[in-house]
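Chain residues, written in single-letter form:
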Amino acid sequence: MAFWKPGATAPGVSLDRETEKETGENFITFVNPSVSTFSIQQQRQRLPIFKSRDHVLYLVEKYQTTIIVGQTGCGKTTQIPQYLHEAGWTSGGRVVACTQPRRVAATTVAQRVAEEMNVQLGEEVGYSIRFEDCSDPHKTRIKYMTDGMLFRETLIDPLLSQYSVIMIDEAHERSLYTDILVGLLKKIKKKRPELRIIISSATLDAEAFYEFYNTNTINDKSKDDASIISLEGRMFPVDIHYLEDPCSDYVEKAIQTVFDIHTKQPVGDILVFLTGRDEIEHAVQEITDRATTLPRSALKITPLPLYAGLTAEQQMLVFEPTPRSTRKVIIATTIAEASITIEGIVYVVDCGFVKIRAYNPKTGMESLTVTSISKASAQQRAGRAGRVRQGKVYRLYTEDSFYEFQDASVPEMQRSNLAPVVLQLKALGIDNVLRFDFMTSPPAELMIRALELLYSLKALDDYGRLTVPLGMQLAEFPVDSMLGKILIDSYKFNCAEEMLTIAAMISVQNVFVLSSSKVDESKRKFAVEEGDHITLLNVYNAFVTRGKKSGRWCHEHGLNFRTLQRAMSIRQQLTKYLKRFDVPLESCGNDTVKIRKCLVSGYFANAAKMMPDGSFRTIRDNVELHVHPSSVLFTRAVEWVIFHEVVETTKPFMRDLTVIDPAWLAELAPHFYEFKKSALPKH
DNA sequence: GAGCACTGC
């Protein structure tokens, strides 16, 4: 195999060299390619990363693992795969992969690189995300993909043999699949010495990745098989302002700061980070009210909310260009930290908090709590002010409290339900998941809880081995383990068609448009006394029949069009799996008893009984629970329910409930409830 | 009795 050697000229490189020029001129000229007079190749050479091109290629050649530290905007994501391609790493049918934690990033970066290489997207340069494979198995040389997709490929080809280089981008975010891949690649690299791994991280974690991959234990650097390189960024400087004294109400302080900036600072839009919808809607309202007291001659101010629960149309408003006489204030959740980038932001107001979801293995409950952000998050938020010109960040906390923040937030692996991780690792032949080499091992309680759940679902046998076929099928199924079990068992109740719809609707969030008075009214039209699952089934069926799958109909009924479209895609995908598993695709008509019994066959562990005061207790542990106000069963008197999940916010709330007959628990989950039969009423 | 950070397969 012919590799490019340091010092030699790589294929396709000679032309670049001749036109190489010193950088340092006005950056703005190539920030916007449409007004640039430079060719694409010249623009590429003007990126700060170009200066490190040879060094990066040298390290990748010499070391099996290279850790690249580089700020957003340095060009690593678009350039490094191209450098590797130019240097011959894609010859002989091999592919360079670059993973992203988010779908949009994978598609937009692939689009950009295809333009730079002047090729058709989906041919030499492609992408692969759920529901969308825009790549060609024979032609694609550079493949951008979500980390979850690359992980799924390991289920088919455990050594990922078609890839010569695998670049894990944004590794500092420590998403669940990034962490699994980081662990798996350590195993794969032992079996494939020719494979090269690039871990790209924006921050302080770099050293930890290096330690994880470097197999050299002696004190002689020349024996290292991992290396680190830092790349220069291309951000504009951001002035940091702290509070002198801590504040007690950061929402009020944020509003005051917005007006301070508005009345004292030059033009430029403002981005405010708060933690959730309530705070955001409150701030938007207050800013609107107080703006009326501004002098008529002053610059106008337009507050805009931004969070995931809004419809696509509502979200698009933040991208509308601002009229000359107006300053835009975007008030956002953490969604604006990495997922959505808004151009033109010059001022950032950072409250210093974020809502974090964490899984408690003792109770099996998830909590959603407001916690301090990490230093890395604070840095990322500040960076949002330095994309177009020099910016300012106003941190609504003291400098001392900043230094008390954790360096990085807790990796998802440390705070998630690990049932799917356990299933998938076992499907890869990694039986002892407790001893799998994770960069940061998850707490043992999380692992044990996952093993217990999988055992109760009969996905694991008495020896902790994956059962055949159920365990293997659940490992492959891109759906929550309990829902997967329900889908596979649906043939027993002749209701696969109904369960496919329910599973798809449960897998998406925000079916009903939030914070609209129409919603409650609209929801009542679809609501049934059996509960949320069958209500969701009704909504979906109405959408595809009466609603003719149209956005207009959704709008009229307070439903989120994009969410329902996504539910259709998921349903389609899940249907393919059921066909492959030979589950007969029957419909039970409108037999809600069959549907609810089928739900019990998977959700038996999540059962609760109502108390005289209207609260609930779990049957398993007698833990107090409440009906979430978004449920159609909220304020209704019912006796026994099963639920999809519990999320603790102000109280532990059950979400997505269905009314059941307790006799079904004994009938369908005797292995789980046998020892507690006395707790069930006699029938 | 009154409320839902964000991704991903």
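All figures in this text were calculated on a predicted structure; none of them were measured in a lab.

Rules and cut-offs
Every chain is numbered on its own, with residues counted from 1 as its sequence reads. Just so you know, chain letters begin at A and ligand numbers begin at 1, following the order they were written in. In view of the model being predicted, local features appear only for residues whose pLDDT reaches at least 70, and side-chain atom pairs are presented and counted only at 80 or more, with totals across whole chains, interfaces and linings using the full set of residues. Only heavy atoms go into the side-chain values, all of them from the structure, while hydrogens and water stay out. The helix count covers DSSP runs of H or I at least four residues long, the strand count covers runs of E at least two residues long, and both are numbered beginning at the N terminus. Note on exposure labels: buried denotes an accessible area under 20% of the residue type's maximum, exposed denotes more than 50%, and partly exposed covers the range between, all computed with a 1.4 Å probe on protein chains only. Note on areas: these come from Shrake-Rupley sampling with a 1.4 Å probe, and a residue is covered only by the protein chains present in the view. Positive charges come from Lys and Arg, negative ones from Asp and Glu, while His and the chain ends are left out of the count. Lysine's charge is taken at NZ, arginine's at CZ, aspartate's at CG and glutamate's at CD. Only the contacting stretch of a helix is used when fitting its axis, a line to C-alpha atoms as for every element, and angles between N-to-C directions run 0 to 180 degrees. An angle below 35 degrees is treated as roughly parallel, one above 145 as roughly antiparallel, one from 65 to 115 as roughly perpendicular, and anything else as oblique. Crossings are sorted by hand: turned counterclockwise from the far helix by less than a right angle, the near helix makes the crossing left-handed, and turned clockwise it makes it right-handed. The contact criterion used throughout is that any non-hydrogen atoms of two residues lie within 4.5 Å. Residues are grouped as follows: nonpolar covers Ala, Val, Leu, Ile, Met, Phe, Trp, Tyr, Cys and Pro; charged covers Asp, Glu, Lys and Arg; every other residue, Gly included, is treated as polar. Between 30 and 60 degrees the pair is tilted, below 30 it is stacked and above 60 it is edge-to-face, where a pair is any two Phe, Tyr or Trp rings, Trp via its six-membered ring, whose centres lie within 6.5 Å. The rule for a charge over a ring is simple: NZ of Lys or CZ of Arg within 6 Å of the ring centre, and within 35 degrees of the ring normal. Every residue gets a pLDDT, meaning the predictor's confidence in that residue, from 0 to 100. We call a residue near a molecule or strand whenever a single non-hydrogen atom of that residue lies within 4 Å of it. Whenever two N or O atoms come within 3.5 Å, that pair is a polar contact, provided that in protein one can donate a hydrogen and the other can accept it, and provided that, for residues adjacent in sequence, both atoms are side-chain atoms. UniProt positions are given in the numbering used here, feature names are shortened, and annotations may be inferred rather than shown by experiment. When DSSP finds at least two bridges between two strands, those strands are taken to pair.

Trainee: Can you walk me through the overall build of chain A in this structure?
Mentor: Scanning chain A for helices and strands turns up 27 helices and 21 strands. Reported as C-alpha extents along the three principal axes, the dimensions of chain A are approximately 85 × 70 × 50 Å. Counting the 683 residues in chain A, one finds 54% classified as buried. When the accessible surface of chain A is summed, it comes to about 31100 Å², and 51% of that surface belongs to carbon and sulfur atoms. Within chain A, one finds 82 positive and 83 negative side-chain charges whose respective centroids are separated by 3 Å.

Trainee: Explanation requested: the packing of helix α19 (residues 481-489) against helix α25 (residues 592-603) in the structure shown.
Mentor: When two helices pack together, their arrangement is given by the angle between the helix axes and the distance between those axes. Close contact between α19 and α25 brings their axes to 8 Å; oriented N to C, the two are set at 135°. Judged by the angle between their axes, α19 and α25 are oblique. The way α19 lies across α25 gives a crossing that is right-handed. Side by side, α19 and α25 meet where Met-482, Leu-483, Lys-485, Ile-486 and Asp-489 of the first sit next to Cys-598, Leu-599, Ser-601, Gly-602 and Tyr-603 of the second. The class makeup of the residues in the contact of α19 with α25 is 6 nonpolar, 2 polar and 2 charged.

Trainee: What's the story with the packing of aromatic side chains in this structure? I'm lost.
Mentor: What describes a pair of aromatic rings is the distance from one ring centre to the other and the angle between the planes of the rings. Tallied over the entire structure, the rule returns 17 aromatic pairs. Judged by centre distance (6.4 Å) and plane angle (40°), the rings of Phe-543 and Trp-553 are tilted. Of this pair, Phe-543 sits in helix α22 (residues 532-544) while Trp-553 sits in helix α23 (residues 551-556); the two residues are 10 residues apart in sequence, bridging distant segments of the chain. Of the two residues, Phe-543 and Trp-553, neither departs from the other in class, the shared state being buried. Through a chain of ring-to-ring contacts, three or more aromatic side chains come together here, namely Tyr-242, Tyr-397, Phe-402, Tyr-403 and Phe-405. Across from the ring centre of Phe-212, 4.0 Å away, lies the NZ or CZ of Lys-186, which sits over that ring.

Trainee: Explain the confidence of the model for chain A to me, please; I cannot follow it from the model alone.
Mentor: Caution applies to low-pLDDT parts of the model: their predicted coordinates are not meant to be read in detail. Taken over all residues, the pLDDT of chain A has a mean of 89, while the share at 70 or more is 92%. Least confident of the elements in chain A is helix α1 (residues 14-18), whose mean pLDDT is 30; most confident is strand β6 (residues 163-168), at 98. The low-confidence segment residues 1-35 (pLDDT under 50) makes 47 contacts with residues lying over four places distant or belonging to another chain. This stretch, residues 679-683, has a pLDDT under 50; its non-local contacts, to residues over four places away or in other chains, come to 10 contacts.

Trainee: Would you explain the protein's contact with DNA strand B in this entry?
Mentor: Close contacts around DNA strand B come from 32 residues, with Arg-103, Arg-152, Ala-308, Lys-355 and Thr-649 the closest. Sugar plus phosphate, as a fraction of atoms of DNA strand B within 4 Å of the protein: 55%. Thr-333 places a side-chain nitrogen or oxygen 3.3 Å from a phosphate oxygen of DNA strand B. Lys-355 places a side-chain nitrogen or oxygen 2.5 Å from a phosphate oxygen of DNA strand B. Taken together, the elements giving at least two residues each to the surface near DNA strand B come down to α7 (147-156), β14 (353-360) and β21 (652-659). Counting residues per element, the surface near DNA strand B draws most heavily on α7, at 3 residues. Classifying every residue of the surface near DNA strand B by side-chain character gives 12 nonpolar, 12 polar and 8 charged.

Trainee: Is there a simple way to think about the UniProt feature "domain: Helicase C-terminal" (unreviewed entry) in chain A in this case?
Mentor: Under the present numbering, the feature "domain: Helicase C-terminal" (unreviewed entry) in UniProt falls on residues 254-429. Between the C-alpha atoms that bound residues 254-429 the distance is 51 Å, and the span itself is 34% helix and 28% strand.

Trainee: What am I meant to see in the sheet that holds strand β10 (residues 269-273) here?
Mentor: Picture the strands of a sheet paired through backbone hydrogen bonds; they go either parallel or antiparallel. One open sheet accounts for 6 strands, arranged β9-β16-β13-β10-β12-β11; its pairing is parallel. With one partner strand each, in any of the chains shown, β9 (238-243) and β11 (300-306) form the two edges of the open sheet. Adjacent strand axes in the sheet meet at a mean angle of 20°, parallel and antiparallel pairs treated alike. As defined by bridge partners, strand β13 (residues 345-350) adjoins strand β16 (residues 391-398) across 4 bridges and the pair is classed as parallel. When the sheet's bridge partners are listed, Val-349 is paired in β16 with Tyr-394.

Trainee: How should I be thinking about the environment of Val-627 in this particular structure?
Mentor: Relative to the helices and strands, Val-627 resides in strand β19 (residues 624-627). Judged by relative accessible area, Val-627 falls into the buried class, the value being 10%. Spatially, the C-alpha atom of Val-627 lies 35 Å from that of Val-433, the residues being 194 residues apart in sequence. For Val-627, the contacting residues outside a window of four places in its chain are Phe-616, Leu-633, Phe-634, Phe-653, Met-654 and Leu-657.

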